[in-house]
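Results of the structural survey
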Amino acid sequence: MTSEADDQIICIIGAGYVGLVTAARLAEAGREVRVVEVDADRRAAVAVGLSPIFEPGLDELLSAVVASGRLRAVETMKEGVAGAGIVIVAVGTPPTHDGEADLSQVRLAVDQALAEVAPGAVIAIKSTVPPETTRALGRDSTRQDVTFVMFPEFLREGSALEDLRHPSRVVVGGEDVAAVRRVAALLGGPDTTRLLCDSVSAELIKYGSNAFLATKISFINEMAQLCELTGADIEKVADGMGLDPRIGRSFLGAGLGWGGSCFPKDVRALETSAGYHGQSFWLLKAAIEVNSQQRRRFTAKLLRGLGGSLEGRRIAILGLAFKPFTDDLRQAPALEVVRQLEDLGAQIVATDPVALDRARSLLPRATLVADPYEAVTGADAVGLVTEWPVYRELDWGRAIGLMRGRLVVDGRNCLDGTDVTEGGGVYVSMGRRTRGLPPQAPGSTAEGVYSSTVPPVPLG
Ligand code: UGA
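Notes on the structure follow. If you're wondering where the values come from, they're calculated on a predicted model, not measured in any experiment.

Moving on, we come to the pairing of strand S7 (residues 170-173). Along S7, one buried face is formed by Val 170 and Val 172 and the opposite face, lined by Val 171 and Gly 173, is buried too. With 4 bridges joining them, S7 and strand S8 (residues 194-197) adopt parallel strand pairing. Within S8, the residue paired with Val 172 across the bridge is Leu 196. Of the crossover connections in this fold, the one passing from S7 over helix H8 (residues 177-184) to the parallel S8 is right-handed.

Pasting the structure below:
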C-alpha cells in the first residue's frame, strides 16, 4: 500500500467504452492515468495507443497520451492504484436473467482496489448501479480511510470525447462532501454545471436520465403510429412539439427505437429496482413494450410491401450498428429485424460502414458486404436500419436501378423520400405517408399494403 493519495494520479478500472474514453480525456487534461484491464488483448492494444473500439477521435487521442506517458494500461490492481488519489470503477453491469444489474464485476473491482489503495483515496463508481449500491459498498468496506462516491456517466457513443470535453453536467453523489468535490473537479471547466448530491440521488439521476430519454423515444414512436392511422406526418409533429423549449426536439426521432448497451439494460434495471421496492413503474413497462413493437412494425412494413410473403425474397439491410458512428451491435435493432425477416423466409444481404466484422458471428445466415450498392443489387426491398450519412447520400436512382424490386423502407426517417421516388422507388417510412405509389382510385386501399399495423404472424 502506498502512503499518499495524490489526485493527480487517477486509476481507472476497466478499459471498456466508458473507462477508456474517460481515461483518454483525463490524460488529455493533464492527469497521470492508469487503466487496469484484465483482458490481455485489450491491454496490449491500449499500450500501443490503439483503441479496441471504434469511437471518432479516440485512436488519435490515445496514441498521443500513451506516447506522452500520461496514460498506461496495467495488468494488476497494485500497479494501477499505487499513489492514486481517485480510483474510478468503470466495469460492466450487464443485466441478469431477471433484468437486474449484475454487480459482481463492481464488487470484485472494489475488493481488489481496497486491498491496495492509498489511505485517503476516493473510490468513484462510474458503472451504472442500482439505487443504494454506492452507500452499501461504503458501509461494507474494510477500509474506513477510503471514501466512496457515485460518479455517473452521461457520454454518448459516437460523440463520447466531445461529451467529456464539454459535459452537459458533472454529477457526483456521496456522503463525504470533500470527496465529492475532489471527484467533481476531474471533468469540465469553470463554466460546467456541477450537481453535488447524495449517492442514491446520483444513482437515480443516471437511471432516470436514460429511462426518460428512452420513454421520450417510445412516446414519439406511439405518436408515429397514430400519424400513420390519421395521415399526419410524424416529423412535422415532432418539429412542432419540439419547438416548445419544455419539450425540445432531441430524442423525438421516430423509427426503429432504442438499442445499445445502455438504454435497454438501464430501463429494465430501473423498472426491476422499482419492483423490489414494491413499485410498479408502469411507464417504463410500456416504453419497453413499445420499443420492441417498433422492430415488428418495421418488419411488417417489409412483409406487407412485398405482398405478404418473404419466402425466397432478397432484402438488403443498410446499417447494422445500433446507431451511426459506432460499431457497437449490442441490442442493435438490426439484429432483431434481420432475425425476424430470416425467420419469415427472407434472404438478407446486409451492409454497414464499420460493424461488419462484429456482425459476422451474430448474423451467420446473412450475407455481409461492404458496398451498399452491392447490397442492394438484385434486392426485392431495402430496409434502412441505421442512419449513417453514407446511406442518406446514396445515389438512390442508381440504387433502385440495381434492385429487382422498388420498395425502400426507411426505419429511421432519414431520407426525405424524393430521391427514392424520383428514382422510381416506393418510399415507406415510420409515421409518414408512403410515397411513390401510382395514383389510386378513390377508396382504394393500396396504401394499406404498406401500412405498419403489427401483423398477426409470429415475429420473434
Ligand atoms: C445513452 C445516453 O444518451 C447517454 O447520455 C448515456 O451516458 C449512455 O446511454 C450510457 O448510459 O452510457 P448511447 O447509448 O450512446 O447513450 O446512445 P444514444 O445516442 O442515447 O441513443 C440510444 C438509442 O436511442 C439508439 O439506438 C438511437 O438510435 C435511439 N434513438 C435516439 C432514437 O431512436 N431516437 C432518437 O430520437 C434518439
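Our next topic: the site of the ligand. The environment of the ligand is formed by 20 residues, the closest being Phe 154, Leu 155, Glu 157, Lys 206 and Gly 253. Gly 253 is positioned such that a nitrogen or oxygen atom in its backbone is 2.7 Å from an oxygen atom of the ligand. In this structure, an oxygen atom belonging to the ligand sits 2.8 Å away from a side-chain N or O atom of Lys 323. If the ligand stood free it would expose 710 Å²; the protein chains cover 90% of that surface. Of all the elements in the fold, those that place two or more residues in the shell around the ligand are helix H9 (199-230) and helix H11 (263-276). Tallying contributions element by element places H9 first for the shell around the ligand, with 3 residues. Residue composition of the shell around the ligand, by class: 9 nonpolar, 4 polar and 7 charged.

Moving on, we get to the nonpolar core. In this structure, Ile 315, Ile 317, Leu 320, Leu 341, Ile 348 and Trp 396 are the most contacted members of the largest nonpolar core, which totals 57 residues. Ignoring sequence-local partners within four residues, the contact set of Ile 317 consists of Val 337, Val 338, Leu 341, Ile 348, Val 349, Ala 350, Thr 351, Gly 383 and Val 385. Leu 20, Val 21, Val 122 and Ala 160 belong to the second largest nonpolar core, which has 39 residues in total.

Moving on, we get to the sheet that holds strand S9 (residues 314-318). Taken in spatial order, the 6 strands line up as S11-S10-S9-S12-S13-S14 in an open sheet, and their pairing is parallel. Each edge of the sheet is formed by a strand with only one pairing partner; in this case those strands are strand S11 (367-368) and strand S14 (426-428). Alignment of strand S12 (residues 381-384) against strand S13 (residues 407-410), held across 4 bridges, turns out to be parallel. Opposite Val 382, over in S13, you have Val 408 as the bridge partner. Along the sheet, helix H12 (residues 282-305) contacts S9, S12, S13 and S14; its crossing angle with S13, the most-contacted strand, is approximately 170 degrees. The sheet contacts of helix H13 (residues 333-343) involve S9 and strand S10 (347-351), and relative to S9 the element is tilted by about 180 degrees.

What follows is about the packing of aromatic side chains. Scanning the model with the defined rule gives 2 aromatic pairs in all. Ring geometry for Phe 251 against Phe 263: centres 6.2 Å apart, planes inclined by 50 degrees, an arrangement best described as tilted. Taken together, the residues Phe 251 in the loop between helix H10 (234-242) and H11 and Phe 263 in helix H11 connect sequence positions 12 residues apart. Overall, the relative accessible area of 31% leaves Phe 251 in the partly exposed class. Across the ring face of Tyr 373, the terminal group of Arg 398 is positioned such that the distance to the ring centre comes to 3.8 Å.

One non-glycine residue, Gln 331, adopts positive backbone phi at about 50 degrees. Secondary-structure assignment places Gln 331 in the loop between S9 and H13. In the Ramachandran plot, Asn 413 falls in the positive-phi region, its phi being about 50 degrees despite a non-glycine side chain.

The next thing to look at is helix H1 (residues 17-28). With 12 residues, H1 extends 17 Å between its outermost C-alpha atoms, agreeing within 8% with the 16 Å of an ideal straight helix rising 1.5 Å per residue. Within H1, 10 of the 12 residues are buried, which leaves the element mostly enclosed by the surrounding structure. When H1 is considered as a whole, its buried residues turn out to be Tyr 17, Gly 19, Leu 20, Val 21, Thr 22, Ala 23, Ala 24, Arg 25, Leu 26 and Ala 27. Just downstream of H1 lies Gly 30, where phi reads positive at about 105 degrees.

The next thing to look at is the pattern of salt bridges. What the rule picks out here adds up to 30 salt bridges. Measuring nitrogen to oxygen at the nearest pair gives 2.9 Å for the salt bridge that ties Arg 249 to Glu 235. Linking Arg 249 in the loop between H10 and H11 with Glu 235 in helix H10, this pair joins segments that are 14 residues apart in sequence. Judged by relative accessible area, which is 29%, Arg 249 ranks as partly exposed.

Procedures and definitions
- Residues numbered from 1 in each chain as written.
- Predicted model: local features only at pLDDT ≥ 70, side-chain atom pairs only at ≥ 80, totals over all residues.
- Heavy atoms only, no water.
- Buried < 20%, exposed > 50% of the residue type's maximum accessible area, 1.4 Å probe, protein only.
- Helix = DSSP H or I, 4+ residues; strand = E, 2+ residues; numbered from the N terminus.
- Pairing = 2+ DSSP bridges.
- Right-handed = clockwise from strand over helix to strand, strands pointing away.
- Near = heavy atom within 4 Å.
- Polar contact = N/O pair within 3.5 Å; in protein donor to acceptor, adjacent residues only side chain to side chain.
- Areas by Shrake-Rupley, 256 points an atom, 1.4 Å probe, with all protein chains shown as cover.
- Nonpolar A, V, L, I, M, F, W, Y, C, P; charged D, E, K, R; others polar.
- Core = buried A, V, L, I, M, F, W, Y, C linked by side-chain atoms within 4.5 Å.
- Contact = heavy atoms within 4.5 Å.
- Axes fitted to C-alpha atoms, helices over the stretch in contact; angles between N-to-C directions.
- Phe/Tyr/Trp six-rings, centres within 6.5 Å; stacked < 30°, edge-to-face > 60°.
- Lys NZ or Arg CZ within 6 Å of the ring centre and 35° of its normal.
- Expected span 1.5 Å × (residues − 1).
- Salt bridge = Lys/Arg side-chain N within 4 Å of Asp/Glu carboxyl O.

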